[in-house]
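Inside the fold
Residue-level listing of the chains:
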Amino acid sequence: MIFAGGGKGAEKATWRGWAIWGAAALFYLYEFFVRVAPSAMEPELRHAFHLTAAGLGAAMGIYYTIYAPMQLLAGSFMDRLGARNVLVPAALICTVGCFLEVLGHDQFLLSAARFFQGFGSAFAFVGTMYLAAEWFPRSMLAMLSGLTTSLGMAGAIMGNAGIARVVETMGWHTALIAAGFIGLLVTAMIFFVVPRETRVRQDRAKATELERGPGIFTSIKMVYSNPQSWFAGIAGTALYMPLSVLGALWGEEYISAVTGAGKIEAAGAVSMLYVGWMIGCPLAGLFSDRTGIRRNLLLVAGVLTLVITLGLVLVPKLSLAGAYILLLTLGLASCSQVVCFVTAVEHNHPGVAGTAIAATNMMIMLLGGAGEWAFGMLLDLSAGADFQGGTSYPEAAYRKAILLLPVMAAFGAAAAFFLQESFRKEEIPAGPESIA
């Protein structure tokens, strides 16, 4: 997400710019860690909070329910209040969610914890790229966007394979308490490193109403009335769904059920999804920019994601090694999702570029959270009335629930098929609206 109108940025990168961007980028790494950590403690959470799979999926999905709509406001908050004044309380709220999750013993408190985590996390990526646009040349923003995404994937790997070992040896309470204290350190780093005022905010304050572009509600109407915005959002949602369903919550239990692997081994397999994204996201963006291919890249990614997720359904006896390979290739295929954001921008007026990104991300995150709930509901339905509970669902139930992914991939490929190529050889003028 790049702020298209937030000033011209610096003429060259400086050590101070790297420090400021790095402090915010660590928050993005941390929020991604918090987002996916429940996947490493899914059976423990169900047992501790006395929840069915559908109940846990619904509670975890609260994260996305608040994260998604806050995307539409995050950019405006940055403009009006300044990055530090938004990122510090946001990081603190996210951290409070970790401590609240430890204290809770019922679904309400677990849902409240995820609400806090989702609310605070909603500002991490927006704030990171806001500061990148302020402190770096515009020619470096694509690279910084890729680096930021890769940091998020590193946080996800820590939240899967890394925290799985802590949960195995020290328990999920200890893992979350440690995550809370790390969040306090990240909050402090942002407070002391990120400056209070920025040139972007000062320039925005001097701009006339005409220069600031259309209001937020007008911008939203312009974006959502464009069918191409919906096609880009659906294509992106389908590619993000494996990361949301398997990476953020159900992956480890699914891999354990179908391969017989232990928690740590299964967590390592799920982390391959994030390795694929960490490697592939910057390359997919670079390839798309260099070749001018948007629509066909999303279409190919959708078809490959469909084929690979069908493999997860159809392979009768999946080995742990096979799971590693399938999930790595799934990550490499679905990582082209990052192109859907620039596609949405190019299909809309430059003056609503920020809203186009925000609206697309809101669609992806909201439906991603619904995917976690839907997978849990399918697990409950597939297990049937004879299932007596416990920490693990039967393998057959997981094999039926995983059908959700190829079905969504098929919808995504169809949406990409109806997309029009959006790449423009001429440079789109930087409008005054921020891409949030």
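The rules behind the values
Residues numbered from 1 in each chain as written. Predicted model: local features only at pLDDT ≥ 70, side-chain atom pairs only at ≥ 80, totals over all residues. Heavy atoms only, no water. Helix = DSSP H or I, 4+ residues; strand = E, 2+ residues; numbered from the N terminus. Buried < 20%, exposed > 50% of the residue type's maximum accessible area, 1.4 Å probe, protein only. Contact = heavy atoms within 4.5 Å. Areas by Shrake-Rupley, 256 points an atom, 1.4 Å probe, with all protein chains shown as cover. Core = buried A, V, L, I, M, F, W, Y, C linked by side-chain atoms within 4.5 Å. Expected span 1.5 Å × (residues − 1). Polar contact = N/O pair within 3.5 Å; in protein donor to acceptor, adjacent residues only side chain to side chain. pLDDT = per-residue confidence, 0-100. Axes fitted to C-alpha atoms, helices over the stretch in contact; angles between N-to-C directions. Parallel < 35°, antiparallel > 145°, perpendicular 65-115°, else oblique. Left-handed = near helix turned anticlockwise from the far one by under 90°. Nonpolar A, V, L, I, M, F, W, Y, C, P; charged D, E, K, R; others polar. Salt bridge = Lys/Arg side-chain N within 4 Å of Asp/Glu carboxyl O. Patch = residues over 30% accessible without salt bridge, like charges linked within 9 Å, V, L, I, M, F, W, Y side chains within 5 Å.

1. Side note on the overall build of the protein chain
Counting secondary structure elements, the protein chain contains 19 helices and zero strands. Residues classed as buried in the protein chain amount to 59% of the 436 residues present. When contacts within the protein chain are restricted to residue pairs at least 6 apart in sequence, those whose partners lie at least 24 apart make up 86%. Total accessible area on the protein chain stands at roughly 16,900 Å², and carbon and sulfur atoms take up 70% of it.

2. Some words on the nonpolar core
Among the nonpolar cores identified, the biggest contains 135 residues, and F27, L87, F123, L312, L327, F375 and L379 are the most heavily contacted of them. Filtering out sequence-adjacent residues up to four positions away, L379 remains in contact with A53, W250, Y393, A397, Y398 and A401.

3. Overview of the environment of A374
On the secondary structure map, A374 appears in helix α17 (residues 353-383). Sequence-wise, A374 and G61 are 313 residues apart; in three dimensions their C-alpha atoms are separated by 9.8 Å.

4. Describing helix α19 (residues 404-418)
Between its first and last C-alpha, α19 extends 22 Å over 15 residues, near the 21 Å set by a 1.5 Å rise per residue. Within α19 the residues assigned to the buried category are L404, L405, P406, M408, A409, G412, A413, A415 and A416.

5. Here's the deal with the side chain of S288
Here S288 shows up in helix α13 (residues 263-291). Among the polar contacts made by the side chain of S288, one reaches the side chain of R294 at a distance of 2.7 Å. Those residues in contact with S288, other than ones at most four positions away along the chain, are I293, R294, L297 and V339.

6. Here's the deal with the confidence of the model for the protein chain
As a general rule, the predicted coordinates of low-pLDDT regions are not to be interpreted in detail. Per-residue confidence for the protein chain gives a mean pLDDT of 82, with 85% of residues at or over 70. Across the protein chain, the element-wise mean pLDDT spans from 49 in helix α10 (residues 209-212) up to 96 in α19. Across residues 1-7, where pLDDT falls below 50, the model places 37 contacts with residues more than four positions away in sequence or in other chains. Counting interchain partners and residues more than four positions distant, the pLDDT-below-50 stretch residues 425-436 has 46 contacts.

7. So, unusual backbone geometry
Residue H50 is not a glycine yet carries a positive backbone phi of 55 degrees. Locating H50 in the fold gives a position in the loop between α2 (42-49) and α3 (53-81). Under the relative-accessibility criterion, H50 is labelled exposed at 68%.

8. Let's talk about the environment of L304
Within the secondary structure, L304 sits in helix α14 (residues 295-314). For L304, a relative accessible area of 43% corresponds to the partly exposed category. For the pair L304 and S334, spaced 30 residues apart in the sequence, the C-alpha separation amounts to 7.9 Å.

9. So, the packing of helix α4 (residues 83-103) against helix α5 (residues 107-121)
Contact pair α4 / α5: the axes reach a minimum separation of 7 Å and the direction vectors enclose 160 degrees. For the element pair α4 / α5, the angle class is roughly antiparallel. Between α4 and α5 the crossing geometry is left-handed. Within the contact between the two elements, α4 uses A90, I93, C94, V96, G97, C98, L100 and E101 and α5 uses L109, L110, A112, A113, F116, Q117, F119, G120 and S121. Of the residues contributing to the contact of α4 with α5, the split by class is 12 nonpolar, four polar and one charged.

10. Examining the pattern of salt bridges
On inspection of all chains with the given rule, the structure shows five salt bridges. For R46, the salt bridge identified is with E42, shortest N-O distance 2.4 Å. Taken together, the residues span about one helical turn, with R46 and E42 both in helix α2 at a distance of four residues. Judged by relative accessible area, E42 falls into the buried class, the value being 0%. Note that K263 and E44 form a salt bridge whose closest N and O atoms lie 3.4 Å from each other.

11. Brief notes about a nonpolar patch on the surface
A contiguous nonpolar surface patch, about 570 Å² in accessible area, is contributed by L92, V96, F115, F116, I177, F181 and L184. Counting only elements with at least two residues in the nonpolar patch, the list comes to α4, α5 and α8 (172-193). Top element by residues in the nonpolar patch is α8. It accounts for three residues. In this fold, F115 is placed in helix α5.

12. Digging into helix α16 (residues 339-346)
Judged by how many residues are buried, α16 sits mostly within the fold: seven of eight residues are covered. Of the residues making up α16, those classed as buried are V339, C340, F341, T343, A344, V345 and E346.

13. Quick word on the environment of V258
Inspection of the secondary structure puts V258 in helix α12 (residues 227-259). The class for V258 is buried, based on a relative accessible area of 7%. For V258, the contacting residues outside a window of four places in its chain are L318, E395 and R399.

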